[in-house]
Amino acid sequence: MSTPGDSPSVPAPRKVVVLFRATGDAPIMKQSKFKITGTEKFAKVIDFLRKQLHRETLFLYINSAFSPTPDENIWDLFENFGIDGKLVVNYACSMAWG
Amino acid sequence: MDKLIAAVDHLVFLISVCFARSWDFTSWADELSNLLGNISIRFWENCSSIRCMAPGTWDGTLTAEEFERAALHLVSTWERCCPDLPQWTWQTSTKTVLSSTSDHACGYLVLQDVRVSSDQKDDMEKLDAYDDDDDGDDVEDHATMYVGSLGVNEQHLYTYHVVYNESYRVPMLFLQGRLQDGRPLQWDSVLRDLPVGSQHVSDQSRWTFLTQEDHPLLHRPWFALHPCGTSEIMRLVFSDFFLQGKKDNVFVSEQLEELSDISAVLEKQDTCESLSGREKITISDRSVKWDNSEERLASWIEKYILTWMSFACPAVGVAIPSRLYIESK
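Note that the coordinates shown come from a computational prediction; the quantities given were computed from them, not determined experimentally.

Q: Would you explain the overall build of chain A in this entry?
A: Of regular secondary structure, chain A possesses two helices and four strands. The helix and strand sequence of chain A, counted from the amino end, reads β-β-α-β-α-β. A sequence separation of at least 24 residues applies to 64% of the contacts in chain A between residues at least 6 apart. As displayed, chain A offers around 4600 Å² of accessible surface, 51% of which is attributable to carbon and sulfur atoms.

Shown next, in the form of structure tokens:
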């Protein structure tokens, strides 16, 4: 137990395995499994996928539940919605509106 | 099913003939008509609910009754998970003669007076500058517009409604903005309050993204997120939900086992190629059974609006906390 005044120890950043899964008419990536530091925000996953697929309009969602906001913490998403040690991120290219 | 429907129709005909021979035709016929009418409506509602759940055929829509059920679930989940945030409430709507059909929802969701900080200067340019060094000789004129300490950033107040769209059979997001003094925001001000990404989408899809519509219940012009793509997104998102799994999402577990080991990291920014052809897994490729238990159906219906909100609300700048989905997992 740490005494008052001691700075808390900072744990080493943990990696999260992200599995990208294409849905609808979205193109499938040759490499769909990646690692990302758990302290990163979901915005990095969104930007990464946009660059990989060369598309600005992408819809990402977790399992069959919801679309995370860009400021969500990756580790928190993995802890709550991870499957078999991986965070499955589905993506689609169809326009949601219009 | 067709034989059952035909049998019910024939029964109704026989009963109506019997009562037609009674001398008190009017009262008996009215009562029977109301009774059978209600039974018929519920019968068709159940049929449509079951039909829309069939594997591979669900079109991403929901009935008015399902909309109400999902909305009430949202209200209770939001209250439990996000007590510190402005609350969504359920507002019942007045029934009219035209709203007596089963496709008309009995109410709508309301999120009232959400403050949105705006850096728009157009409103401020019309007001006199406020001088902090003013010695106070000028008597405050209560007839002048309030300037206070607004400065450059002003707060706009937005109210959001989630209304059932009977044509598309999906929820529809309406919004209305106003200044703190009550003046409604115009189209260009609302657009500038949107997230940057949504502003680009609006520029590209002028008539199919954010439009000004007649509010179906209040009959006043409100801004609305166009619902034409909602069913497609919901159909995609819930495509795995109808599959029965040994655990949660057994399909995904099977795919994980087939994939190769990790060989790339995001930091290296490896390039990749997009595959041509359709190697994606469609519903028909999956060798799993469809489970139509009432518990799974009820669970799906309750999650519909929660899931839909995670797509729709951020488009207009309303963040939906992920803890809502932890609770409803």
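Q: Where do I start with the nonpolar core in this structure?
A: Generally speaking, soluble globular proteins have nonpolar side chains that are buried together. Core analysis: the biggest nonpolar cluster contains 88 residues, and A:Phe20, B:Trp88, B:Leu109, B:Tyr160, B:Tyr304, B:Ile305 and B:Met309 have the highest contact counts within it. Take this core: its biggest share by element is 11 residues, from helix H8 (residues 294-315) of chain B. In this structure, B:Val110, B:Val163, B:Trp222 and B:Ala224 belong to the second largest nonpolar core, which totals seven residues.

Q: What should I look at first to understand the packing of aromatic side chains in this one?
A: The description of two aromatic rings rests on the distance between their centres and on the angle between their planes. All names here are of chain B. A full pass over the atoms with the stated rule returns 14 aromatic pairs over all chains. Ring centres of Trp 78 and Trp 88 lie 6.4 Å apart, and the angle between their planes is 85 degrees; this geometry places the pair in the edge-to-face category. Residue Trp 78 is found in helix H3 (residues 64-81), and its partner Trp 88 is found in strand E1 (residues 88-92); the two are separated by 10 residues along the sequence. For Trp 88, a relative accessible area of 2% puts it in the buried group. With 6.3 Å between their ring centres and 15 degrees between their planes, Phe 238 and Tyr 304 make a pair best called stacked. Of this pair, Phe 238 sits in the loop between helix H6 (230-237) and helix H7 (250-258) while Tyr 304 sits in helix H8, placing them 66 residues apart in sequence.

Q: Please explain helix H1 (residues 42-53) of chain A as it appears in this structure.
A: At 3.6 residues per turn, the α-helix brings residues three or four places apart onto the same side. Residue and element names in this part refer to chain A. If you check H1, its first and last C-alpha atoms are 17 Å apart, about what 12 residues at 1.5 Å a residue would give, namely 16 Å. Residues of H1 that are buried include every one of Phe 42, Val 45, Ile 46, Phe 48, Leu 49, Gln 52 and Leu 53, and no others. Taken down its axis, H1 places every buried residue within 165 degrees of arc, on the same side. Lining the buried residues of H1 we find strand E1 (15-22), strand E2 (33-37), strand E3 (59-62), helix H2 (74-81) and strand E4 (87-92). Just downstream of H1, His 54 is the residue with a positive phi angle, here 55 degrees.

Q: I keep staring at the pattern of salt bridges and nothing clicks. Help me out?
A: Two side chains of opposite charge can pair, provided their charged atoms sit close to one another. Here the structure, examined in full by the defined rule, presents seven salt bridges over all chains. Note that A:Glu40 and A:Lys44 form a salt bridge whose closest N and O atoms lie 3.4 Å from each other. Judged by its relative accessible area of 27%, A:Glu40 is partly exposed. Its relative accessible area of 31% is what places A:Lys44 among the partly exposed residues. For the salt bridge of B:Asp181 with B:Arg183, the shortest nitrogen-to-oxygen distance reads 3.1 Å. Overall, the relative accessible area of 44% leaves B:Asp181 in the partly exposed class.

Q: Sorry, what's going on with the pairing of strand E3 (residues 154-165) of chain B here?
A: Two faces belong to every sheet, and in a regular strand the side chains alternate between them. All names here are of chain B. Within E3, 11 of the 12 residues are buried, leaving the element largely enclosed by the surrounding structure. Sheet topology note: the strand E2 (residues 107-118)/E3 ladder contains eight bridges and is antiparallel. Bridge pairing links Arg 115 to Leu 157 in E3. Bridging between E3 and strand E4 (residues 170-178) involves nine bridges; their strand directions are antiparallel. Across the sheet, residue Leu 157 finds its bridge partner in E4, namely Arg 178. The turn joining E3 and E4, which pair antiparallel and follow one another in sequence, is formed by four residues; a positive phi near 60 degrees is taken by Arg 169.

Q: Where do I start with the sheet that holds E1(B) in this structure?
A: In a beta sheet, neighbouring strands are held together by backbone hydrogen bonds and run either parallel or antiparallel to one another. Residues and elements named next belong to chain B. On the basis of which strands lie adjacent, the open sheet formed by six strands has the order E1-E2-E3-E4-E6-E5 and antiparallel pairing. The two strands at the open ends of the sheet, each matched to only one other strand, are E1 and strand E5 (210-214). In this sheet, adjacent strand axes meet at a mean angle of 35 degrees when their direction is disregarded. Together, E1, E2, E3 and E4 form the strand contacts of H3, whose direction differs from that of E1 by roughly 145 degrees.

Conventions used here
- Residues numbered from 1 in each chain as written.
- Chains lettered and ligands numbered in written order.
- Predicted model: local features only at pLDDT ≥ 70, side-chain atom pairs only at ≥ 80, totals over all residues.
- Heavy atoms only, no water.
- Helix = DSSP H or I, 4+ residues; strand = E, 2+ residues; numbered from the N terminus.
- Contact = heavy atoms within 4.5 Å.
- Areas by Shrake-Rupley, 256 points an atom, 1.4 Å probe, with all protein chains shown as cover.
- Core = buried A, V, L, I, M, F, W, Y, C linked by side-chain atoms within 4.5 Å.
- Buried < 20%, exposed > 50% of the residue type's maximum accessible area, 1.4 Å probe, protein only.
- Phe/Tyr/Trp six-rings, centres within 6.5 Å; stacked < 30°, edge-to-face > 60°.
- Expected span 1.5 Å × (residues − 1).
- Arc of directions from axis to C-beta.
- Salt bridge = Lys/Arg side-chain N within 4 Å of Asp/Glu carboxyl O.
- Pairing = 2+ DSSP bridges.
- Axes fitted to C-alpha atoms, helices over the stretch in contact; angles between N-to-C directions.

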